[in-house]
Amino acid sequence: ALNDTWWKQTADNTGMEILVNNSRSSSNVAVYGDNTLTSKAGCGDRAVNLHDDTNNVNPDIIAAYIGINDCGCLTSVGDFDEISDIWDGEKYVGEFTSFSRAYARMVHQIVTKYDGADVFLFTLPRNGYLWKGTKAEYNALQDEYNKMIHKIAEIFGCQVVDLATAVGEDY
């Protein structure tokens, strides 16, 4: 139910108003399987449709909490070191099948379109959500994802909500 979601409870407890909720069940940030950049993948149009066209209102705060499904699918972390790894100044370049480049593309789209918003990136807490592999493999990959989330946040000037540290193991 709506009132059971973390984002609705957060808004209610802080006095914020939800402008757009662009979350989708079973979505990935990286292109995976039959996903395309504009369907379930988080690096597509979802990253730039966070405003209210009807009233011409942009968000003040953007919370990006995505990656659990990528990790559950054992999507590789990949590499990302600088904006030129994904953006040539005119268009996006390279592959978006790894977590790091797809996540960086998503964040780049958000901070470029909504440059007046405070952007918060959430690390991934342990949750035992295993599709493939073992818990040890999943936890090791998740640790790498969280390091990459911190790195991308630093590169793009975003803040990090460190759920991984805050809630501990087996959340």
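Residues numbered from 1 in each chain as written. Predicted model: local features only at pLDDT ≥ 70, side-chain atom pairs only at ≥ 80, totals over all residues. Heavy atoms only, no water.

(A) Highlighting the pairing of strand β1 (residues 61-64). Of the two faces of β1, the one holding Ile62 and Ala64 is buried and the one holding Ile61 and Ala63 is not buried anywhere. As paired strands, β1 and strand β2 (residues 118-122) are joined by four bridges and run parallel to one another. Counterpart to Ala64 in the pairing with β2 is Leu121. (Buried < 20%, exposed > 50% of the residue type's maximum accessible area, 1.4 Å probe, protein only. Helix = DSSP H or I, 4+ residues; strand = E, 2+ residues; numbered from the N terminus. Pairing = 2+ DSSP bridges.)

(B) Geometry of the pairing of β2. Pairing between β2 and strand β3 (residues 159-161): three bridges, direction parallel. Considered in β3, the bridge of Leu121 is made with Val160.

(C) Summary view of helix α4 (residues 135-156). The terminal C-alpha atoms of α4, which comprises 22 residues, lie 31 Å apart, in line with the 32 Å expected from a rise of 1.5 Å per residue. Among the residues of α4, Tyr138, Asn139, Leu141, Gln142, Tyr145, Asn146, Met148, Ile149, Ile152, Ala153 and Phe156 are the ones counted as buried. Gly157 sits one or two residues past α4 and shows a positive phi near 70°. (Expected span 1.5 Å × (residues − 1).)

(D) Structural view of the sheet that holds β3. Strand order in the open sheet formed by three strands is β1-β2-β3, and the pairing between neighbours is parallel. The sheet terminates laterally at β1 and β3, the two strands that pair on one side only. The average undirected angle you get between the axes of adjacent strands in this sheet is 25°. (Axes fitted to C-alpha atoms, helices over the stretch in contact; angles between N-to-C directions.)

(E) Structural detail: the pattern of salt bridges. Counting across every chain of the model gives six salt bridges. Between Asp12 and Lys8 there is a salt bridge, with its nearest N and O atoms 3.0 Å apart. With Asp12 and Lys8 both in helix α1 (residues 6-14) and four residues apart, the pair spans about one turn of that helix. A salt bridge links Arg101 to Asp79, with the shortest nitrogen-to-oxygen separation between them at 3.3 Å. Remark: Asp79 occurs in the loop between α2 (68-72) and α3 (99-113) and Arg101 occurs in helix α3; sequence separation between them is 22 residues. Taking relative accessible area as the criterion, Arg101 reaches 14% and is therefore assigned buried. Relative accessible area serves as the criterion here: at 41%, Asp79 is assigned to the partly exposed category. (Salt bridge = Lys/Arg side-chain N within 4 Å of Asp/Glu carboxyl O.)

(F) How the structure looks around the environment of Glu137. Inspection of the secondary structure assignment puts Glu137 in helix α4. Taking the C-alpha atoms as reference, Glu137 lies 8.4 Å from Leu74; in sequence the two are 63 residues apart. Here the side chain of Glu137 touches Thr134 through a polar contact of 2.7 Å, landing on its backbone nitrogen. (Polar contact = N/O pair within 3.5 Å; in protein donor to acceptor, adjacent residues only side chain to side chain.)

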